[in-house]
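# Examining the three-dimensional arrangement
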Amino acid sequence: MSEEPVKKPTNFIRHIIDADLENGKNEGRITTRFPPEPNGYLHIGHAKSIVLNFGIAEDYNGRCNLRFDDTNPHKENSEFVEAIKADVHWLGCDPKENIFFASDYFEKLFAYAVELIKKGKAYVCDLSAEQIREYRGTLTQAGKNSSYRDRSVEENLTLFNAMRNGDFADGEKVLRAKIDMSSGNINLRDPTIYRVRHGIVHHQTGSQWCIYPMYDYTHCISDALEGITHSLCTLEFEDHRPLYNWFLEQLDVPHHPRQIEFSRLTLEHTVTSKRKLSELVEQGFVEGWDDPRMPTIAGMRRRGYSAASIREFCNRIGVTKAHNVVEMAMLEDCIRSDLNDNAPRRMAVLNPLKVVITNYDDSKVEDLLSANHPQNEEFGKRSIPFCNEIYIDRSDFAEVPPKKYKRLIPGGEVRLRNAYVIRCDEMIKDEQGELIELRCSVDADTLGKNPEGRKVKGVIHWVSAKHGISAEVRLFDRLFSHPTPDNTKDGSDYTAHINPEALRTLSHCVLENSLASAEIGQGFQFEREGYFCLDPAKTADGRPVFNRTITLRDVWAKMQSK
RNA sequence: UGGGGCAUCGCCAAGCGGUAAGGCACAGGGUUUUGAUCCCUGCAUUCCCAGGUUCGAAUCCUGGUGCCCCAGCCA
């Protein structure tokens, strides 16, 4: 059998690229770039862009640069730079030696600004920020020219150099492009291209500069300098494209990339705006950027999402210009399907209830050989100790069972997964009447075969009380109970919809002893419960912590909630 | 008549003049020592609306409607 070739995604951007290739543009070369601003951690929305840009580079034998858009040092820092590099790498994307910073081009950017001034296309403006806003006009009314618009080239040159030399305070002067104050496109109403910023140590250039270029001016030139052929960005930059092109047309740049916009990802039950994610971290709603409840790459990784599942998600949702809101179920299916194929099975009891097997020798221990994957023999087998004292989950016993319940009930039988059939003979309760233990008897003739003459429908998981290891398990759920917390009908704040159940900590779970050798991040299926992975943290008393990545599908729970 | 975009199943999304792919979700059924997985089956006579062109229109034309983005010295 031949391996099924991984089908390449198809979308309108790839169609454009195909057409460009057919027309012989850029000598058949394809170069893209992923341009994050290092002012926060990468999230699932960035993953869409990363997979798009690196995916195109790979499929077209091109290249994708990682370029930090670091023109606003006030908000940026190297912790974010390093985290972004790590996340891109973890996602399986390799920019190789092509890691750049917009700040690498500050000197060139300055020279291009001088060129603009010399061509009479830029001027130093003394208007205050408020005045600039007033002069800009409104959406329906044209703006008016700044009184500094007609300064001579010489004066502009002198002033711009003085700006660089630190002769002016923050806000005192800016450099503006001279375009058209009456344009219907507000971006073309003499946009600011350089501002003065004193007293900031830039994470890459230190204190070298006190003037910083703006995004619109920087981005297109950076793309041009790097020979980017297709500059892919989100829809809100559509209005900026005329400006992107304007700069490149005025300037003597080596190359003119094509900007193409696509719609950003909106995922239900979470938020993907850096401002909001920062707030969640800074205001302590979560424990950090890598909190497993966060839609950040780092958070999802810690939660147990694989890079492959995130890439699969990005390919499934596609790339278009249509506004879209993707259901969380789509993401959840991606990780379930990955882990179903790739996670070894284990047993773990989350809410332990002790069971004593009364007819089993209390000094005996049997090693039961169990498959690590029910459908894939390549996963091999492991041995699980069985003895007269075990734990089962409290939800797997019911004194008064609901309809169709097929787990353990008083006097009833159930199959212990990978082991024997037991019968519940007696319930032990404490003074408060709370169930604390079950006394059961085992049918010794049911190992690997069905009992004679009766059917046992239920199968439950268990862990040896004498061998199991104690652990903390964190059950994660959707961070927000509202599907679109930042866009509610009643206009409520997104923080009002944080799901208090998004994290439930179970401090005393019992895991199958083989889990003692689990590695951080490695995914396991805890049978009948879900997919879990070992967290880097330990409990205060040194016990392991496991994170629930996602539950198993559960039609029983669905039936019950109806 | 400010400018720029978008409208195909509950959600995502193919489709590019030849008679509506696929995935998710959902609903039934089968297998099963995970109420998991897996396997069947069903799920848009119709593509925002209305006209028009055509033998033939989701695709072309005309006119509407709805929704989104833009007035940072943020990106």
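Structural data are supplied above this passage.
Let me begin by describing the structure that accompanies this report. Since this is a predicted model, take the numbers as computed values, not measurements. (Residues numbered from 1 in each chain as written. Chains lettered and ligands numbered in written order. Predicted model: local features only at pLDDT ≥ 70, side-chain atom pairs only at ≥ 80, totals over all residues. Heavy atoms only, no water.)

Another point: the side chain of aspartate 87. The residue aspartate 87 is located in helix α3 (residues 78-90) in this model. For aspartate 87, a relative accessible area of 1% translates into the label buried. Among all residues touching aspartate 87, those that are not within four sequence positions of it are Tyr41, Leu42, Ile297, Ala298 and Arg301. (Helix = DSSP H or I, 4+ residues; strand = E, 2+ residues; numbered from the N terminus. Buried < 20%, exposed > 50% of the residue type's maximum accessible area, 1.4 Å probe, protein only. Contact = heavy atoms within 4.5 Å.)

Here the focus is helix α7 (residues 215-225). By the criterion of burial, α7 is predominantly enclosed, with 9 of the 11 residues buried. Buried residues of α7: Asp216, Tyr217, Thr218, His219, Cys220, Ile221, Ser222, Asp223 and Ala224, and no others. Positive backbone phi, at 70 degrees, marks glycine 227, one or two positions downstream of α7.

Moving on to the environment of alanine 122. Of note, alanine 122 is situated in strand β4 (residues 122-125). Taking relative accessible area as the criterion, alanine 122 reaches 1% and is therefore assigned buried. Between the C-alpha atoms of alanine 122 and proline 35, which are 87 residues apart in sequence, the distance is 26 Å. Alanine 122 has contacts with Leu116, Ile117, Asn156, Leu175, Arg176, Ala177, Lys178 and Ile193, leaving out every residue within four places of it along the chain.

Below, the discussion takes up the sheet that holds strand β1 (residues 31-34). On the basis of which strands lie adjacent, the open sheet formed by 3 strands has the order β1-β2-β3 and parallel pairing. Because the sheet does not close on itself, it has two edges, and the strands there are β1 and β3 (99-101). Neighbour to neighbour, the strand axes of the sheet diverge by 35 degrees on average, direction disregarded. (Pairing = 2+ DSSP bridges. Axes fitted to C-alpha atoms, helices over the stretch in contact; angles between N-to-C directions.)

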